[in-house]
Amino acid sequence: MGGTAVVVGGGIGGLAAALGLRRIGWEVRVVERAAVLADAGAGISLHANGLRALDAVGVGAAVRAAARPQYTGGTRTPAGRWLSRMDGALLERELGSPIVGIPRAVLHRLLRSALPEECLLVGATVDTLDLSAPGRVGVPAGDDVLEADLVVAADGVHSRLRGQLFPDHPGPVYAGSTVLRALTEGPLEVATDFELTWGAGAEFGHIAFTDGRAEWHAVLNAPPGVRHADPLGMLRHRFRDWHDPVPALLAATRPEAVLHHDIHELATPLPSFTAGRVALLGDAAHAMTPHLGQGACQALEDAVTLAAALAGEASVGAALARYDAERRPRAQAVARAARQAGRLGQQLSHPLAVALRDTGLRLAPSRATMRAILRHADWTPPSLG
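Anyway, here's the lowdown on the structure attached to this text. All values reported here derive from a predicted model rather than from experimental measurement.

### Thoughts on the nonpolar core
Turning to step 1, where the next piece is worked out: With 77 residues, the main nonpolar core has Leu21 and Leu46 as its most contacted residues.
Turning to step 2, where the next piece is worked out: Among the elements that take part in this core, helix H10 (residues 295–312) stands out by supplying 10 residues, more than any other.
Turning to step 3, where the next piece is worked out: The contacts of leucine 46, once residues within four sequence positions are left out, are Leu51, Leu54, Val63, Pro98, Ile99, Val100, Ile102, Leu107, Cys297 and Leu300.
Turning to step 4, where the next piece is worked out: Counting 20 residues, the second-largest nonpolar core is a separate cluster that includes Ala182, Ala214, Ala218 and Phe239.

### A few points about empty space enclosed by the protein
Turning to step 1, where the next piece is worked out: Across all of its chains, the model carries 1 cavity of 30 Å³ or more by this definition.
Turning to step 2, where the next piece is worked out: Here the largest cavity defines a volume of roughly 80 Å³.
Turning to step 3, where the next piece is worked out: Elements represented by at least two residues in the lining of the largest cavity include exactly helix H9 (283–286) and helix H11 (316–344).
Turning to step 4, where the next piece is worked out: For the lining of the largest cavity, the element with the most residues is H11, which contributes 4 residues.

### Quick word on the sheet that holds strand S11 (residues 150–153)
Turning to step 1, where the next piece is worked out: If you trace the 6 strands from one edge of the open sheet to the other, you get S8-S2-S1-S11-S18-S17, paired in mixed fashion. The sheet is open, and its two edges are formed by strand S8 (120–122) and strand S17 (274–275), each paired on a single side.
Turning to step 2, where the next piece is worked out: In the sheet, S11 pairs with strand S18 (residues 278–280) via 3 bridges, with the strands oriented parallel. Within S18, the residue paired with valine 151 across the bridge is valine 278.
Turning to step 3, where the next piece is worked out: Each of strand S1 (4–8), strand S2 (27–32) and S11 touches helix H1 (residues 12–23); the most contacted strand, S2, lies at about 170° to it.
Turning to step 4, where the next piece is worked out: Running over the sheet, H11 touches S11, S17 and S18 and is turned about 15° from S18.

### Overview of the environment of serine 366
Turning to step 1, where the next piece is worked out: Following the sequence through the fold, serine 366 ends up in helix H13 (residues 366–377).
Turning to step 2, where the next piece is worked out: In this structure, the C-alpha to C-alpha distance between serine 366 and arginine 85, residues 281 residues apart in sequence, is 7.1 Å.

### Thoughts on the packing of H1 against helix H5 (residues 104–113)
Turning to step 1, where the next piece is worked out: One way to put it is that H1 packs onto H5 with a least axis distance of 9 Å and a crossing angle of 20°. Between H1 and H5, the angle falls in the class roughly parallel. Here the hand of the crossing between H1 and H5 comes out left-handed. Between H1 and H5, the contacting residues are Ile12, Leu15 and Leu19 on the first element and Arg104, Leu107, His108, Leu111 and Arg112 on the second.
Turning to step 2, where the next piece is worked out: Tallied by class, residues from the contact of H1 with H5 come to 5 nonpolar, 1 polar and 2 charged.

### Thoughts on the pairing of S11
Turning to step 1, where the next piece is worked out: A two-sided burial pattern is seen for S11, the buried positions comprising Leu150 and Val152 on one face and Val151 and Ala153 on the other.
Turning to step 2, where the next piece is worked out: Alignment of S1 against S11, held across 4 bridges, turns out to be parallel. Residue pairing in the sheet places valine 8 in a bridge with alanine 153 of S11.

### Side note on unusual backbone geometry
Turning to step 1, where the next piece is worked out: In this structure, proline 245 follows aspartate 244 across a cis peptide bond, with omega equal to 10°.
Turning to step 2, where the next piece is worked out: Residue position: proline 245 is located in the loop between helix H7 (231–238) and helix H8 (246–251).

Rules used in this analysis
- Counting restarts for each chain: residues are numbered from 1 in the order of the written sequence.
- Only residues with pLDDT of at least 70 are given local features in this predicted model, and only at 80 or more are side-chain atom pairs given and counted; all residues enter the totals for whole chains, interfaces and linings.
- Note that the side-chain values use all heavy atoms of the structure and ignore hydrogens as well as water.
- We define the nonpolar core as a collection of buried residues of types Ala, Val, Leu, Ile, Met, Phe, Trp, Tyr and Cys that are connected through side-chain atoms lying within 4.5 Å of one another.
- Buried, partly exposed and exposed residues are distinguished by accessible area as a fraction of the type maximum, computed with a 1.4 Å probe on protein chains only: under 20%, between the cut-offs, and over 50%, respectively.
- Note on conventions: DSSP H or I runs of at least 4 residues are helices, E runs of at least 2 residues are strands, and numbering of each starts at the N terminus.
- Contacts: residue pairs with any heavy atoms within 4.5 Å of one another.
- Using only the protein atoms, space was sampled on a 1 Å grid; points where a 1.4 Å probe fits but cannot get out form cavities, open sets with protein on both sides within 12 Å along at least five of seven lines form pockets, and lining residues are those with an atom within 4 Å of a point.
- Grid points are joined across faces, edges and corners, and a volume is the space filled by probe spheres set on the points.
- Between any two strands, pairing holds if DSSP finds at least two bridges.
- Here an angle of 0 to 180 degrees is reported between the N-to-C directions of two axes, which are lines fitted to C-alpha atoms, with helices fitted over the stretch in contact.
- For classification purposes, an angle smaller than 35 degrees is called roughly parallel, one larger than 145 roughly antiparallel, one from 65 to 115 roughly perpendicular, and anything else oblique.
- Helix crossings are classified by the rotation of the near helix relative to the far one: an anticlockwise turn of less than a right angle makes the crossing left-handed, while a clockwise turn makes it right-handed.
- For this classification, the nonpolar set comprises Ala, Val, Leu, Ile, Met, Phe, Trp, Tyr, Cys and Pro, the charged set comprises Asp, Glu, Lys and Arg, and every other residue, Gly included, is treated as polar.

Shown next as structure tokens:
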């Protein structure tokens, strides 16, 4: 079965969906509202499931070549005491790959470069869909109306299309935490590939990249909408007594490089990932908190599963039913686990709760920590034929 698809949203999940659909013979247009593809963003960790999905759509080797494997690191206290160690070599033995770190801009460019330039329509916002014609969907995009056999709504956590398709759904809610992040201006020597540090209501982490730069992020409990005149100065003060390399990472960052976003999630699960000839994908379908590092990986799983369903079924309707049945239980379970991980980890603020968390993590066998990662990352993509 082939056809014409329009993917609304040119992020990681949307681009991967376009690659998957093209591999099974579909014609695809990707509509991205940004007029200039500046590739804003910091960094990302990709687990084995995300890398396997990238393999399935044909860009896994390129991504691996540009990424840095995460063999060393773990979780620490603000004073620097290790609570748990990461065993990247064990993950590689179990899954065929360690977790890898890559700048988001590099990942976006690799995904885009695998698509013909004419597939991408930029600077066009899709606010609504025309669902009036049977068997087709009209996609008003700028001055054009694109006609499609299938629409993939990959337009993010605040998806306009999700609002049209599920008007009774409450939509995303603030998760209780806000995140600031940036890339260092230049190379910086760090002793580990990846670290998290948990304080009271705060997390600071870093990812090291192949070019010597590092991404850092700070997740803080805060009311929604709070912004700072000098975000970097606030962070330097907030984390001034935390262990190395936290102050060094902040010192190596330009103030204008800092990004600040409140974290929103779909706390109320969607009743379906499909509606008519529309498939929701990534954050539009299952926006989750970042506490498991699985958001992008789940979007990549969506992309491959959708393409495989369309390749294996005789009709779009049957394919979308299969996609929903295969993806919704898993993605929503990962979202629940991410929420729980945040509540038991970064979001704890009471001193007694923090002490109990740290003691439990320090005493847990390292294999138990690895099992938590393996449970979500051990996924095998379906064949695209």
